[in-house]
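So the chains spell out like this:
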Amino acid sequence: LSQDSIMVYAFLIHSLDSPNIFLSHFYTPEGNNTLLLQRQEYIVEQVSKDCMFRSECDHAVYGGVERYDGTVKHISAKEGVFRISISPSNSSLFSTPKYVLWRRALGSLHTIVCEPGENRQLAANFLSIFGKILADHFKLLVGSRSGPTAAGPGAGPTPEMFMRPEEVVMLLQSYMPNGDLLFVSSALAKHIKGTIVA
């Protein structure tokens, strides 16, 4: 596929409180050039800043006298979207503006970087279901309960998943082939799951 035909620029899974990147997949020649590592770091840094900002706003509105201190235990934001504009600080990393959508899942942040023309509603839909797909594949609990075996927003990263990155990539390719966003209905999800199991 040519770069012009690909609307999803990248997909990443990274940690909440440190620059650990568990999975990074870029779909364009630009994304995979010699500045790949700097590009990853820049995206993760911007997502972390947006997550912290939204959490700070949440605490300002709902936290009463409790003051947000920037620590992981006080991160309340569950999802967000923002635009990367081209500036002198990032012009070597991106040739065009990008939209970034992120969502907390399985104790980490799942991030999609889109071209401006992408259907961001489909991207948000993908983020909302992909954590559940991973949880189902790795037989994890899905819910809001915190703890080492929970897959909700407060759970810690799941060792089984990150010890088997090739399976995460297989699922990513099955549900978002070559960076092409699909509308994943429950019927399509079952069909894809059946082909993977088979």
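Residues numbered from 1 in each chain as written. Predicted model: local features only at pLDDT ≥ 70, side-chain atom pairs only at ≥ 80, totals over all residues. Heavy atoms only, no water.

Participant: Sorry if this is basic, but what is going on with the pairing of strand 5 (residues 108-114) here?
Facilitator: It is a general feature of regular strands that their side chains alternate between the two faces of the sheet. Most of strand 5 is tucked away, with seven of its seven residues classed as buried. The alternating pattern of strand 5 places Ser-108, His-110, Ile-112 and Cys-114 and Leu-109, Thr-111 and Val-113 on opposite faces, both of which are buried. Of the strand pairs in this sheet, strand 1 (residues 8-14) and strand 5 are connected by six bridges, and their pairing is antiparallel. Note on strand 5: the bridge partner recorded for Phe-11 is Ile-112. (Buried < 20%, exposed > 50% of the residue type's maximum accessible area, 1.4 Å probe, protein only. Helix = DSSP H or I, 4+ residues; strand = E, 2+ residues; numbered from the N terminus. Pairing = 2+ DSSP bridges.)

Participant: I tried to follow the nonpolar core on my own but got confused; where do I start?
Facilitator: Residues Phe-11, Ile-112, Phe-126 and Met-176 are the most contacted members of the largest nonpolar core, which totals 28 residues. The element contributing the most residues to this core is helix 2 (residues 120-137), with nine residues. With residues near it in sequence (within four places) discarded, Met-176 still touches Val-8, Phe-11, Tyr-27, Ile-112, Phe-126 and Leu-181. The next biggest cluster of nonpolar side chains, apart from the first, holds 19 residues, and it includes Cys-51, Leu-93, Trp-102 and Val-113. (Core = buried A, V, L, I, M, F, W, Y, C linked by side-chain atoms within 4.5 Å. Contact = heavy atoms within 4.5 Å.)

Participant: Honestly, the packing of helix 2 against helix 4 (residues 165-175) in this entry has me stumped. Any pointers?
Facilitator: Between two packed helices, the angle of one axis relative to the other and the distance separating the axes together describe the packing. It is the contact of helix 2 with helix 4, at a shortest axis distance of 11 Å, that shows an interaxial angle of 135 degrees. Overall, the two elements helix 2 and helix 4 adopt an arrangement that is oblique. In the packing of helix 2 onto helix 4, the handedness of the crossing is right-handed. Note on element contacts: helix 4 touches helix 2 through Glu-167, Val-168, Met-170, Leu-171, Leu-172 and Tyr-175, opposite Phe-126, Phe-130, Ile-133, Leu-134 and His-137. Broken down by class, the residue content of the contact of helix 2 with helix 4 amounts to nine nonpolar, one polar and one charged. (Axes fitted to C-alpha atoms, helices over the stretch in contact; angles between N-to-C directions. Parallel < 35°, antiparallel > 145°, perpendicular 65-115°, else oblique. Left-handed = near helix turned anticlockwise from the far one by under 90°. Nonpolar A, V, L, I, M, F, W, Y, C, P; charged D, E, K, R; others polar.)

Participant: How should the environment of Thr-96 be read in this particular structure?
Facilitator: Relative to the helices and strands, Thr-96 resides in the loop between strand 3 (79-84) and strand 4 (98-105). Considering only alpha carbons, one finds Thr-96 and Ser-85, eleven residues apart in sequence, at a separation of 7.8 Å. Within the local environment of Thr-96, its side chain forms a polar contact with the side chain of Lys-98, the two groups lying 2.6 Å apart. Looking at Thr-96, its side chain comes within polar contact range of the side chain of Glu-115, at 3.3 Å. (Polar contact = N/O pair within 3.5 Å; in protein donor to acceptor, adjacent residues only side chain to side chain.)

Participant: Can you walk me through the pattern of salt bridges in this structure?
Facilitator: Where charged atoms of side chains with opposite charge meet at close range, the side chains can pair. According to the stated counting rule, one finds four salt bridges in the structure shown. Linking Glu-45 and Lys-49 is a salt bridge whose minimum nitrogen-to-oxygen distance equals 3.4 Å. With Glu-45 and Lys-49 both in helix 1 (residues 36-62) and four residues apart, this pair spans about one turn of that helix. With a relative accessible area of 39%, Glu-45 lands in the partly exposed category. Where Arg-54 meets Asp-50, a salt bridge forms, and the shortest distance between an N and an O atom there is 2.8 Å. (Salt bridge = Lys/Arg side-chain N within 4 Å of Asp/Glu carboxyl O.)

Participant: Mind showing me how you'd approach the pairing of strand 1 here?
Facilitator: Along strand 1, seven of the seven residues are buried, which leaves the element largely enclosed by surrounding structure. Two strands pair when backbone bridges link them, and strand 1 and strand 2 (residues 21-26) are joined in this way by five bridges, in the antiparallel orientation. Note on strand 2: the bridge partner recorded for Ile-13 is Leu-23.

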